[in-house]
Amino acid sequence: MNSTDPVSGYQTYDQPPGPGRSARNQVTARRTALVICTIADIAAGLLGLWIVLYLFDANQANSFVEFVHGAADWLSGWAQDIFTMDTEGLRVVLNYGLPAVIYLLLGHGIAARLNRA
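These numbers come from a predicted model, not from an experiment.

The rules behind the values
For every chain, the first residue of its written sequence is number 1, and the numbers climb from 1 along that sequence. This being a predicted model, a pLDDT of at least 70 is required before a residue's local features are given, and a value of 80 or more before pairs of side-chain atoms are given or counted; all residues contribute to the totals for chains, interfaces and linings. Derived side-chain values reflect all non-hydrogen atoms in the structure, with water molecules and hydrogen atoms excluded from consideration. Helical segments are the DSSP runs of H or I of at least four residues, strand segments are the runs of E of at least two, and each set is numbered from the N terminus. Classification of residues uses two cut-offs on accessible area relative to the type maximum, computed with a 1.4 Å probe and protein chains only: under 20% is buried, over 50% is exposed, and between them is partly exposed. Residues are treated as being in contact if the distance between any of their heavy atoms lies within 4.5 Å. Surface exposure here means Shrake-Rupley accessible area, sampled with a 1.4 Å probe, where a residue is shielded only by the protein chains that are shown. By salt bridge we mean one thing: a side-chain nitrogen of Lys or Arg within 4 Å of a carboxyl oxygen of Asp or Glu. In summary, the pairing rule links any two rings of Phe, Tyr or Trp, Trp by its six-membered ring, whose centres are within 6.5 Å, and it sorts them by plane angle into stacked for under 30 degrees, edge-to-face for over 60 and tilted for everything else. In this text, buried Ala, Val, Leu, Ile, Met, Phe, Trp, Tyr and Cys residues form a nonpolar core when linked through side-chain atoms within 4.5 Å. Lines fitted to C-alpha atoms define the axes, with helix axes restricted to the stretch in contact, and inter-axis angles between N-to-C directions lie between 0 and 180 degrees. Roughly parallel here means an angle under 35 degrees, roughly antiparallel means over 145, roughly perpendicular means 65 to 115, and every remaining angle is called oblique. When residue character is reported, Ala, Val, Leu, Ile, Met, Phe, Trp, Tyr, Cys and Pro are called nonpolar, Asp, Glu, Lys and Arg charged, and the others, Gly included, polar. How far a helix is expected to stretch is found by multiplying one less than its residue total by 1.5 Å.

Our focus in this paragraph is the overall build of the protein chain. Secondary structure summary: the protein chain contains 3 helices and 0 strands in total. By the burial criterion, 32% of the 117 residues in the protein chain qualify as buried. Here the contacts in the protein chain between residues at least 6 apart in sequence split such that 54% fall between residues at least 24 apart. Total accessible area computed for the protein chain in this model is approximately 7,500 Å², and 65% of it derives from carbon and sulfur atoms.

What follows is about the pattern of salt bridges. Within this structure, the stated rule accounts for 2 salt bridges. The shortest N-O distance in the salt bridge between Arg91 and Asp81 comes to 3.6 Å. On the criterion of sequence distance, the pair formed by Arg91 in helix 3 (residues 88–116) and Asp81 in the loop between helix 2 (63–75) and helix 3 is long-range, its members being 10 residues apart. Its relative accessible area of 17% is what places Arg91 among the buried residues.

Now for the packing of aromatic side chains. Each aromatic ring pair is specified by the distance between its two centres and by the angle formed by the two planes. A full pass over the atoms with the stated rule returns 3 aromatic pairs. Summarising the aromatic geometry, the rings of Trp50 and Tyr54 are spaced 5.9 Å apart at their centres and angled 55° between planes, so their arrangement reads as tilted. Note that Trp50 and Tyr54 are positioned in helix 1 (residues 23–55) at a spacing of 4 residues, about one turn of the helix. Relative accessible area serves as the criterion here: at 3%, Trp50 is assigned to the buried category. You can call Tyr54 partly exposed: its relative accessible area is 26%. Aromatic pair Trp50 and Tyr96: ring centres 6.5 Å apart, planes at 70°, arrangement edge-to-face. Of this pair, Trp50 sits in helix 1 while Tyr96 sits in helix 3, placing them 46 residues apart in sequence. Feature note: the residues Trp50, Tyr54 and Tyr96 constitute an aromatic cluster, connected by ring pairs.

A word on the nonpolar core. Within the largest apolar cluster, 16 residues are counted, with the highest numbers of intra-cluster contacts made by Leu47, Trp50, Leu53, Val65, Ala72, Leu75 and Tyr96. At the level of secondary structure, the elements contributing two or more residues to this core comprise helix 1, helix 2 and helix 3. At 7 residues, helix 1 tops the list of elements feeding residues into this core. In this view, Tyr96 contacts Leu47, Trp50, Ile51, His69, Ala72, Asp73, Ser76 and Gln80; residues no more than four positions away in its chain are not counted.

Another point: the packing of helix 1 against helix 3. At a minimum axis distance of 8 Å, the contact between helix 1 and helix 3 shows a crossing angle of 170°. One way to sum up the angle between helix 1 and helix 3 is to call them roughly antiparallel. A per-class count over the contact of helix 1 with helix 3 returns 22 nonpolar, 6 polar and 3 charged.

Looking now at helix 1. Here helix 1 spans 47 Å end to end across 33 residues, near enough to the 48 Å set by a 1.5 Å rise per residue. In the stretch just after helix 1, Asp57 is the one whose phi turns positive, near 55°.

Mapping Gly70 onto the fold places it in helix 2. A relative accessible area of 38% places Gly70 in the partly exposed class. Linking Gly70 and Leu46, residues 24 residues apart in sequence, is a C-alpha distance of 9.9 Å.

So this is what it looks like as structure tokens:
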């Protein structure tokens, strides 16, 4: 790999296909990895945005804030109330931050595996 790769483990588009792998299969794997990374980044971004909006006490009646809160609730539904703290702000950070980190780790890990396969 050259030193200009944004993330180690990812191949650049100008490299020849690996042994036993056609150029078409390699391009398909890279595009799939890019889609997975993008979905994971958007999910984590929405969760992070909700944390910021909550901590800065955004207007809950605003339609944009309602959309972000609804999306964040849906994305973190499996992790709701894992942490029960007395401090509401800390509870929101932990209950929405944990899924964001997990989405990033899983999404980028799967994408790196696809790029190496």
